[in-house]
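A structural walkthrough
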Number of protein chains: 2
Amino acid sequence: MTKYVYSFGSKKTDGKAEMKNLLGGKGANLAEMSRLNIPAPGGFTITTDCCNDFFANNSHFPPGLKQEVEKALKIVEQEMDMKFGDPKNPLLVSSRSGARMSMPGMMETVLNIGLCTKTIPGLIKKTKNERFVYDSYRRLITMYSDVVMEKAEGIETIDGSGIRNQLDGIMEKLKKKRGVKNDTDLTVEDLKQLCAEYKTQIKKIIGKPFPDNPMKQLWGGIGAVFKSWNGKRAKAYRRIEGIPDNWGTATNVQAMVFGNMGDTSATGVAFTRNPATGDNNFYGEWLSNAQGEDVVAGTRTPNPINETTKNDQNEHLPSLEKAMPKIYKQLYSIQKKLERHYKDMQDIEFTIQEDRLYMLQTRVGKRTGTAAMNMAMDMLKSRLINEKTAVMRVRPDQLDELLHPIVDPKAEEKTNAIAKGLPAGPGGANGQIVFTAEAAVEWEKKGKTVILVREETNPEDVAGMRASSGILTSRGGMTSHAALVARGWGKCCIVGAGMIQVNSSDKKMVIDGKTYKEGDVITLNGTKGIVYKDRLNMIDATENPNFQDYMKLVDKYRKLGVRANADTPGDAKVALEFGAEGIGLFRTEHMFYGEDSDAPLFLLRQMILSGSVAERKKALNKLFKFVKKDIKATLKAMNGKPVTIRLLDPPLHEFVPQDASKLKELATVLGISVNEIQKRGKDLHEVNPMMGHRGVRLGVTYPEVTEMQVRAIFEAAAELNKVKKKALPEIMIPVTSDLNELIDQKQIVEKVYNEVLAKKKIRNIDHLVGTMIEIPRACLLADKMAQAADFFSFGTNDLTQMGFGFSRDDIGGFLGEYLDKNILKADPFQTIDQDGIGQLIEMGVIKGRSTKKDLKIGICGEQGGDPASVEFCFRTGMNYVSCSPYRVPIAKLAAAQAGLAAAATKKTTKKNRRRKK
Amino acid sequence: MTKYVYSFGSKKTDGKAEMKNLLGGKGANLAEMSRLNIPAPGGFTITTDCCNDFFANNSHFPPGLKQEVEKALKIVEQEMDMKFGDPKNPLLVSSRSGARMSMPGMMETVLNIGLCTKTIPGLIKKTKNERFVYDSYRRLITMYSDVVMEKAEGIETIDGSGIRNQLDGIMEKLKKKRGVKNDTDLTVEDLKQLCAEYKTQIKKIIGKPFPDNPMKQLWGGIGAVFKSWNGKRAKAYRRIEGIPDNWGTATNVQAMVFGNMGDTSATGVAFTRNPATGDNNFYGEWLSNAQGEDVVAGTRTPNPINETTKNDQNEHLPSLEKAMPKIYKQLYSIQKKLERHYKDMQDIEFTIQEDRLYMLQTRVGKRTGTAAMNMAMDMLKSRLINEKTAVMRVRPDQLDELLHPIVDPKAEEKTNAIAKGLPAGPGGANGQIVFTAEAAVEWEKKGKTVILVREETNPEDVAGMRASSGILTSRGGMTSHAALVARGWGKCCIVGAGMIQVNSSDKKMVIDGKTYKEGDVITLNGTKGIVYKDRLNMIDATENPNFQDYMKLVDKYRKLGVRANADTPGDAKVALEFGAEGIGLFRTEHMFYGEDSDAPLFLLRQMILSGSVAERKKALNKLFKFVKKDIKATLKAMNGKPVTIRLLDPPLHEFVPQDASKLKELATVLGISVNEIQKRGKDLHEVNPMMGHRGVRLGVTYPEVTEMQVRAIFEAAAELNKVKKKALPEIMIPVTSDLNELIDQKQIVEKVYNEVLAKKKIRNIDHLVGTMIEIPRACLLADKMAQAADFFSFGTNDLTQMGFGFSRDDIGGFLGEYLDKNILKADPFQTIDQDGIGQLIEMGVIKGRSTKKDLKIGICGEQGGDPASVEFCFRTGMNYVSCSPYRVPIAKLAAAQAGLAAAATKKTTKKNRRRKK
């Protein structure tokens, strides 16, 4: 029979760190801590398999679970020397979620399970703290009614009608009546009265009584945790993070220990190193006489854990190091042990109950990109980890943050801060302020840059946080929800800026008596925690000294090539600076967008609207010098690195001018009437231009256009070669779907090549001729296409458009709903749809190489910089990816990690095979 | 070594009828006739392999050919008792093309090879006919200079600058000088003078002398025939007919016999049955004292071969039966023998040289669709062929012609003919007259219906003939170029209407002094050969009594289902009449095109432009009754046969009204301003609507739209069931690309299904829920899609659009050039692109069935009625094809033939396998 329950916190510990998939991160690490003899309250983990079986079984617990739980509970009772439901010495437990990957705040927790009419007197007698017991009871009732009786039953609460809000209302009313401000100011009698009123209200609203039976409470708590896996928030988070639905969560049932049993009790959260900067300092927050949720929820501003890590905001607050030196020392040595053991920065939770330290959790800590890189390099230097591990330690998307802009220090010098807070997410951001997550989403959709300002954030705000360029909260610490989420995304964030009074309902905030309304502009320095009025200038991140070293390491272990997409000589230079090994996509038409000069665009229009081949050739001849100049400068900038030059791709009508004066000018040059030119423009109009007369289709119907471009390329290369400059043009024919198109265009290329050789009196110009694979049929016929191509470059944008039948310009009408309804897991234009479009790509690679074994294959769609897509490209055996210059380091890291991961898998597989022999 | 040369016409005959691929049709049949002891002039065939080797060898003859030809020539000399190049008894030969499939008039021929200064005196002495010898010499010089010295050298002649025109000009000048009208009126001296002048002119224009050496002439002739395989005309014809380039042509060198050696000589062309009607009468044409080209070229109106087949136009002319009764009898028995031997109607050519009959050619004769069917049924009845052969005897596209309209006989009764001619192509046609092939092509492109009127047609006119709905010529007989080509295509055609004076250069024709200009409308009755002024009414072809029997036979051997695409109850009835076994595509949106009433369209617009779900539902509720009524009537008409109902497919903006009054009306109903409604309409605009918000994407974002349609379907079916009427709706979800879309929509279907069951108080409604596979990704993920689909229906229009990235609305800009440059072999929207899109379809079928073994699979794209596509669908294992009602018989025949051909191949393979054992 399947084993569903694993004990920890005692000598009977069954689990270990490697069992994360089965026990969840929290459970596996609790077991591992027990193995390391680190003090943790006893408990047990109900597996993720059990969670899946629970859902498969129509939300009923699988058979056998009851017996296993009862057995494991016995062990906890022995370990803690208490008894669950016992009137004299009652054990209280918590029920917490714990998935394979951390999903902070996305699932449910129930604390203080076991408190009931029968056990309350005994606990009071034992703890001699009636107030504590009723405070705990009040918390249990609130949580339980909300989590187990309402949310787990699928009751959606909106507009504050939920039970939790109702109970909070009762408390607020009582506080008002008593004239007190804090919960802690309420008396024991007040709490007793609250508990009684709570239970009445629950019965009234939910229609069922709050259960007075410990076992009933326990099973309710376990079920609610499982069910929260499929709660709205958890599902939304999984979609964003790409976590599969079938992983499930484990449930951890653990003996309660209390940080709120007076001044010898405390609770805290800490990191073995600074998660924002990576500095090698023990870093954390604690609160005396408090429960864990008080630290995380941000309702009280927590104290610093030690003296070293104090900052401007908290230097006046007491550190644990000073307040409880002995316990701090024990905690310090435990965290050192844990980091050495796990060989990575740990995020730990602890509770001190009456001078005794309990570790509640250890897990690999989330960190900013900067911190991830700095830690990796530091740990490498101290030989805690090796080079390969260091490469694996930074998520490719985290590099994004290192490449993010920061607030211009010069601008900061001249500007006074309007507020200060904790530097929770690095970099800088400016934008218009909004006060609700919904507004953030809406405004962002309209193309605005927004800063989300909240008193504190909660999981319901996630979408709005994502839509914002920066987040500012008036409450909460470095481990508050806002800080955790923002750091996970590398987003600029300041928390705990207490001088800000946020009034969400009136859409304003007040700082020092000055009011800021929705739409006003502010600037955040998330690295320092400073808020400014108005828009301050942004500049590129100053080079992190570790960055160059880290990228060298990455390049050492990387096998997949990384090029950049660049359309101008300027872009080419930037690409080189970012470490590009070539240009994977140079779009000749970019020069026609009129950035430098209108002349090329005018000539292009003249060419397009020509009425005859002769007229067209006249315009092309004039255009030639511009095209050649542009190409030559780019080839020169790349100095012998390959430059893939795509021939004219977009539908011609895109360039037809709309305004009357331009039309008239063109008509004059062409010697025709404005009417006639309008007619010609109209004739070029297409119903579905994306599938119209473009790419190679233009080359076939207007061979003179191909000829002009190819001549420009060869002459540019030849002239560079003549002055001993290397040039490696790769001519790319776009939008092909048949070998015959390639043959047709290659005839032109060869003809022009020979003409240029003759003209320039040289024997050879290094070059390749290949094609963009962006039409599904080209993948299907890749074996044929490869006959006439030196290389393939997958154009995954168009391939995705055609493969899905999704017009990128028009998906706005339904993509949102598709993602919301989970019909698609991700926007296929952001990350390659490996299930579908991926098949076409694999087919293209395999068939192409079946004809030409060493066919050079790359990708130049925008997904070329997306880590998951890079990994896919590596796996299919491509030679390189190409992406925007700015994403080159990200692609490089993704490429290196894909290679290392594949090698590791291979090694493991080999090992296993050897073992079997 | 490869054998390149095969003899015939003697006891040393090597070839036979089965060797068509190697010897071409003509060569194989000449060999077969020799085997049957049918008199034919001796000769030999140079194989199609030799032709391919010739081209592979840079247009040089392969080694060894010279020796083989010389040897074969010796055999001919022995057989004919003459000697090639001999001064006393010279043998003359012809060099003719002969490909695997007949390509009438598309390749070259050289006659009278061997005539030269050395051989002319001997031939004169032998034939005692100096005039004949010089006339033959004149013909040789003309042909040779044109075909061998000019065309075979790739010299393109336009605007009458070619050598042939120049020589004809010399002859015309001489005729004018002599005051004579016909070539035959020229004297021997005239001819001698002509030959001399011709040779001077050739030297002057081409720069080379006309060769005076028989062997040189022979090799020139052989090479020219080979080269004509790659001539412009032949290539264009192959593209239209789908003949592969690598088949090559054979060259037949054959002893010349002369039908122009006086009144005891003659030449003719005949069919063993009437090729236009299928009547079992020996049918043909002949000319006394003439060469074969005179009959085919249409320069002289030929005589009828016998009394039985005389008609109004030729009853005054002498028949061969009367003029040469003995020869006729011999010919008659030979044609009987040939038909019995080949078990099919033969097209034969013969020449009578001084009272001796020679058969020059026999081949399976081209015929109209009507004739093909009538012959098949007649031959079946007389047991000449069996049922399967009968099914194979009619080309599916020939049925088209039987289903063509004819001129309404009632209209004809009341109208006087303006001209009469030979009924060369059946059916009726009316349209505007044009006088050049170019004009026909141009006008047809503009959407006009045209009748091409020519004096006579030639191979250069083929494209124009194709573009015309009917063809009318003033010259030529039933075997003239116009007649042959039109019949091959089943096109309405009248030839030899001698009373018409055609003046192409002035774009007019004159009949009885009355002038008809370009653009005037006439009507042709191609079945009777009558021309009318103005547009006469057309009606459906009267039922051929054989047709129903033939279709029964077809159905007997057919395994693939055939359905029709029908959008209205009326269409459904027509589909049933044409034998459809169900409806494969019922497009619900058709009712919104406002044919019956504007109400549904107005409501649809109201729905589309609604600003909220509530508004939208209001409009949908009103629309419901219209949709239900339409569906119910269609289900009722089909009486239990399956009806595949596609849910709303097109992008909504297609229905947004453009004109102001409609907009205002809508705005009033919706209670909003015209500005607002214009804005809503604009918001719906899409850049690439074909890949936009349509099909299932509408169903996902507007579930209420799906709900309304599904409710209409189920209520309609339930109400029919209640009154004991069968109904089998198959709900088809369009434009899907992911299983989740199907799951999303199926939830709605199931919900509504249960609601309708409850409302109608019934237990069950027979139905299927499936999807249209028309997005490439759906094919790639067909294994997943099949999980939630009862059936797949391939939408090959969209699949072709997305697979190629070709917008059907926009391919006009390049498709013509793609076909001209042979980049694509055919328009992929006409016939399935089996190479590319076919792979997606096969993938879809195989993957779909891998999940659901008995998944029902069909096709409902427009290619469903294209014979080659039907064959493909059969081969991939589909259950049915669906096409326009009118094409159902064609699809049925194609389906039956595909099945029989596959069974035959299987049998042959089995046989071969058994033999090998």
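One can find the structure itself at the top, above this paragraph.
Summary of the structure given here. (Residues numbered from 1 in each chain as written. Chains lettered and ligands numbered in written order. Predicted model: local features only at pLDDT ≥ 70, side-chain atom pairs only at ≥ 80, totals over all residues. Heavy atoms only, no water.)

What follows covers the overall build of chain A. Helices and strands together make up the secondary structure of chain A, namely 35 helices and 33 strands. For 917 residues, the compact-globule estimate of 2.2 N^0.38 gives 29 Å, and chain A sits close to it at 32 Å. Across its three principal directions, the C-alpha atoms of chain A cover 105 × 75 × 50 Å. Across the 917 residues in chain A, those meeting the buried criterion constitute 59%. Expressed as a percentage of contacts within chain A between residues at least 6 apart in sequence, the contacts between residues at least 24 apart total 69%. Only carbon and sulfur atoms are counted for the fraction: they give 49% of the accessible area of chain A, which is about 38,000 Å². Treating the 137 positive side-chain charges of chain A as one cloud and the 112 negative ones as another, the clouds have centres 5 Å apart. (Helix = DSSP H or I, 4+ residues; strand = E, 2+ residues; numbered from the N terminus. Rg over C-alpha atoms; globule rule 2.2 N^0.38 Å. Buried < 20%, exposed > 50% of the residue type's maximum accessible area, 1.4 Å probe, protein only. Contact = heavy atoms within 4.5 Å. Areas by Shrake-Rupley, 256 points an atom, 1.4 Å probe, with all protein chains shown as cover. Lys, Arg positive; Asp, Glu negative; His and termini not counted. Charge placed at Lys NZ, Arg CZ, Asp CG, Glu CD.)

Once that is clear, we can look at the environment of Gly292 of chain A. Within the secondary structure, Gly292 of chain A is located in helix 10 (residues 292–297). Residues Gly292 of chain A and Ala266 of chain A, 26 residues apart in the sequence, show an inter-C-alpha distance of 8.7 Å.

The next thing to look at is the nonpolar core. Note on soluble globular proteins: their nonpolar side chains tend to be buried together. If you look at the biggest cluster of nonpolar residues, it comprises 226 residues, and the most contacted ones within it are Phe794 of chain A together with Phe794 of chain B. The contact partners of Phe794 of chain B, leaving out residues within four places of it in the chain, are Ile773, Cys779, Leu799, Ile841, Gly844, Val845, Ile857, Gly858, Ile859, Cys860, Gly861 and Met878 of chain B. Formed by 74 residues, the second largest nonpolar core is a distinct cluster that contains Phe84, Val93, Leu123 and Leu167 of chain A. (Core = buried A, V, L, I, M, F, W, Y, C linked by side-chain atoms within 4.5 Å.)

The phi angle of most residues is negative, glycine excepted, and most peptide bonds adopt the trans form. For Glu354 of chain A, which is not a glycine, the phi torsion comes out positive at approximately 45°. Secondary-structure assignment places Glu354 of chain A in the loop between strand 11 (346–353) and strand 12 (356–364). Assessed through its relative accessible area of 43%, Glu354 of chain A is described here as partly exposed. Phi is positive for Asn37 of chain B, close to 60°, though the residue is something other than glycine. Relative to the helices and strands, Asn37 of chain B is located in the loop between helix 1 (20–35) and strand 2 (43–46).

Take the packing of helix 6 (residues 163–178) of chain B against helix 7 (residues 188–206) of chain B next. All names here are of chain B. Look at helix 6 against helix 7: their axes get within 10 Å of each other, and the N-to-C directions meet at 145°. Crossing of helix 6 against helix 7: the hand is right-handed. Contacts between helix 6 and helix 7 involve Ile163, Gln166, Leu167, Ile170, Met171, Leu174 and Arg178 from the first element and Asp190, Gln193, Leu194, Glu197, Tyr198, Gln201, Ile202, Ile205 and Ile206 from the second. Per-class residue counts for the contact of helix 6 with helix 7 are ten nonpolar, three polar and three charged. (Axes fitted to C-alpha atoms, helices over the stretch in contact; angles between N-to-C directions. Left-handed = near helix turned anticlockwise from the far one by under 90°. Nonpolar A, V, L, I, M, F, W, Y, C, P; charged D, E, K, R; others polar.)

A few words on the side chain of Asn274 of chain B. Residue and element names in this part refer to chain B. One can find Asn274 in the loop between strand 8 (266–271) and strand 9 (283–288). Relative accessible area serves as the criterion here: at 10%, Asn274 is assigned to the buried category. For Asn274, the side chain forms a polar contact with the main-chain nitrogen of Ala276, separated by 2.7 Å. Among the polar contacts made by the side chain of Asn274, one reaches the main-chain amide nitrogen of Thr277 at a distance of 3.1 Å. When sequence neighbours within four positions are dropped, the list of residues in contact with Asn274 reads Asp279, Asn281, Tyr283, Ala371 and Met375. (Polar contact = N/O pair within 3.5 Å; in protein donor to acceptor, adjacent residues only side chain to side chain.)

All names here are of chain A. Taken in spatial order, the eight strands of this closed barrel run 26-27-28-29-30-31-32-33, and their pairing is parallel. Each strand of the sheet is rotated relative to its neighbour by a mean of 30°, with strand direction disregarded. For strand 27 (residues 583–587) and strand 28 (residues 642–646), the ladder comprises three bridges, and the chain directions are parallel. Paired with Phe586 across the strands is Ile645, a residue of strand 28. (Pairing = 2+ DSSP bridges.)

Attention now moves to the interface of chain B and chain A. The interface is formed by 47 residues belonging to chain B together with 47 residues belonging to chain A. In total, about 4,100 Å² of surface goes out of reach between chain B and chain A, with carbon and sulfur atoms giving 57% of it. Area buried by chain B at its contact with chain A is led by Met691, Arg777 and Ile823 of chain B, which between them contribute 16% of it. Counting across the interface, chain B meets chain A through four salt bridges. (Buried area = accessible area lost by both parts, 1.4 Å probe. Salt bridge = Lys/Arg side-chain N within 4 Å of Asp/Glu carboxyl O.)

Moving on, we come to the environment of Ile857 of chain B. Residue and element names in this part refer to chain B. As for its placement among the helices and strands, Ile857 is situated in strand 32 (residues 856–859). Here Ile857 falls in the buried class, since its relative accessible area comes to 0%. Sequence spacing of Ile857 and Met772 is 85 residues, and the spatial spacing of their C-alpha atoms is 9.8 Å.

All right, on to the packing of aromatic side chains then. Residue and element names in this part refer to chain A. Enumeration according to the criterion identifies 32 aromatic pairs over all chains in this entry. Taken together, a centroid distance of 5.5 Å and an interplanar angle of 70° make the contact between Phe54 and Phe55 edge-to-face. On the basis of relative accessible area, Phe54 is assigned to the buried category, the value being 2%. In this structure Phe55 comes out as partly exposed when scored by relative accessible area, which is 25%. By the ring-pair criterion, three or more aromatic residues cluster together here, those being Phe54, Phe55, Phe61, Trp219 and Phe226. (Phe/Tyr/Trp six-rings, centres within 6.5 Å; stacked < 30°, edge-to-face > 60°.)

The next subject is the relation of the copies chain B and chain A. It takes a turn of 179° to lay chain B on chain A, together with a shift of 0.1 Å along the axis; the resulting RMSD is 0.2 Å. Given the turn and translation reported, the copies of this chain are related as if by a two-fold rotation axis. A shared binding surface is used by both copies, with 100% of the interface residues of chain B retained as interface residues in chain A. (Least-squares fit on C-alpha atoms with pLDDT ≥ 70 in both.)

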